[in-house]
Amino acid sequence: MPERKQNLPQLYRFCFLMLGDPRKAQEVFHATLREAAVRAARGELPSEPFWLFRDARWRCLEATKSDLQPESVEMDERDVAPKAEFDYQEILDIAELKLSELSRFLAKGRRQLQAWLDSKFPQPSKV
């Protein structure tokens, strides 16, 4: 597998999307980078791709356990740069999922999105 670059802006975006709170995302982001710096100083950096994202994921999950869930916030919509998107293999690596699990989660997400769209933008009934 070719070496994949760890992208720090993507890491912060990942933390923000997991937590929904810029302050908490920044705390997890910095804690993850501090831990990476300590590991690097000891010569103990993992060789697997996306280990930083996996470490940040666990920190995000831990942060949500001990705190209230973020309130929904209106945010400006922006186009996502193609470089910021993950392919299936990257998602599987980061989330530590099997392909069948990811497939189920994506199908459930699509159904939820469609239900939301149907409720927000009802189609006129065809008679």
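Up top you'll find the structure we're talking about.
Everything numeric here is computed off the predicted structure, so don't read it as measured data. (Residues numbered from 1 in each chain as written. Predicted model: local features only at pLDDT ≥ 70, side-chain atom pairs only at ≥ 80, totals over all residues. Heavy atoms only, no water.)

**Description of the packing of helix α4 (residues 88-95) against helix α5 (residues 99-120)**
Stated formally: A fitted line through C-alpha atoms serves as each axis, taken over the contacting stretch for helices, and the angle formed by two N-to-C directions is quoted from 0 to 180°. Only DSSP runs of H or I reaching four residues or more are called helices, and only runs of E reaching two or more are called strands; each is numbered from the N terminus. Throughout, the term roughly parallel applies to angles under 35 degrees, roughly antiparallel to angles over 145, roughly perpendicular to angles from 65 to 115, and oblique to all others. Should any heavy atoms of two residues lie within 4.5 Å, those residues are counted as being in contact. Classification convention: Asp, Glu, Lys, Arg as charged; Ala, Val, Leu, Ile, Met, Phe, Trp, Tyr, Cys, Pro as nonpolar; all other residues, Gly among them, as polar.
Orientation of α4 relative to α5, taken along the N-to-C sense of each, is 105°, at an axis distance of 10 Å. On the basis of the axis angle, α4 is roughly perpendicular to α5. Here Y88, I91 and L92 of α4 lie close against α5, whose contacting residues are L99, L102, L106 and R110. In the contact of α4 with α5, the residues fall into 6 nonpolar, no polar and 1 charged.

**A short note on the packing of aromatic side chains**
For the record, the criterion: In this scheme Phe, Tyr and Trp rings, the latter by its six-membered ring, pair at centre separations within 6.5 Å, and the angle between planes marks the pair as stacked below 30 degrees, edge-to-face above 60, and tilted otherwise. Only protein chains enter the calculation, and the probe is 1.4 Å; a residue is then buried if its accessible area is under 20% of its type maximum, exposed if over 50%, and partly exposed in between.
Going through the model one piece at a time under the given rule, you end up with 4 aromatic pairs. Judged by centre distance (5.9 Å) and plane angle (90°), the rings of Y12 and F29 are edge-to-face. Linking Y12 in helix α1 (residues 8-19) with F29 in helix α2 (residues 22-42), this pair joins segments that are 17 residues apart in sequence. Taking the relative accessible area as the measure of exposure, F29 reaches 12% and is therefore buried. With 5.8 Å between their ring centres and 65° between their planes, F50 and F53 make a pair best called edge-to-face. Residue F50 is classed as buried on the basis of its relative accessible area, which comes to 3%. You can call F53 buried: its relative accessible area is 0%.

**Some thoughts on the nonpolar core**
Counted only if it meets this: Only buried residues count toward a nonpolar core. Its members are Ala, Val, Leu, Ile, Met, Phe, Trp, Tyr and Cys residues joined through side-chain atoms within 4.5 Å.
Ranked by internal contacts, the top residues of the largest apolar core, which has 16 residues, are L11, C15 and F53. At the level of elements, α1, α2 and α3 (51-65) are the ones that each hand at least two residues to this core. With near-sequence residues (within four places) excluded, C15 lies in contact with A25, V28, F29, A56 and C60.

**Some thoughts on the state of the cysteines**
Two cysteines joined by a covalent bond between their sulfur atoms form a disulfide. How we decide: When two cysteine sulfur atoms lie within 2.5 Å, the pair is treated as a disulfide.
A full pass over the atoms with the stated rule returns 0 disulfides. Here C15 is not cross-linked by a disulfide; its sulfur's nearest cysteine counterpart is in C60, at 4.2 Å. Given the relative accessible area of 0%, C15 is considered buried. Classification of C60 as buried rests on a relative accessible area of 0%.

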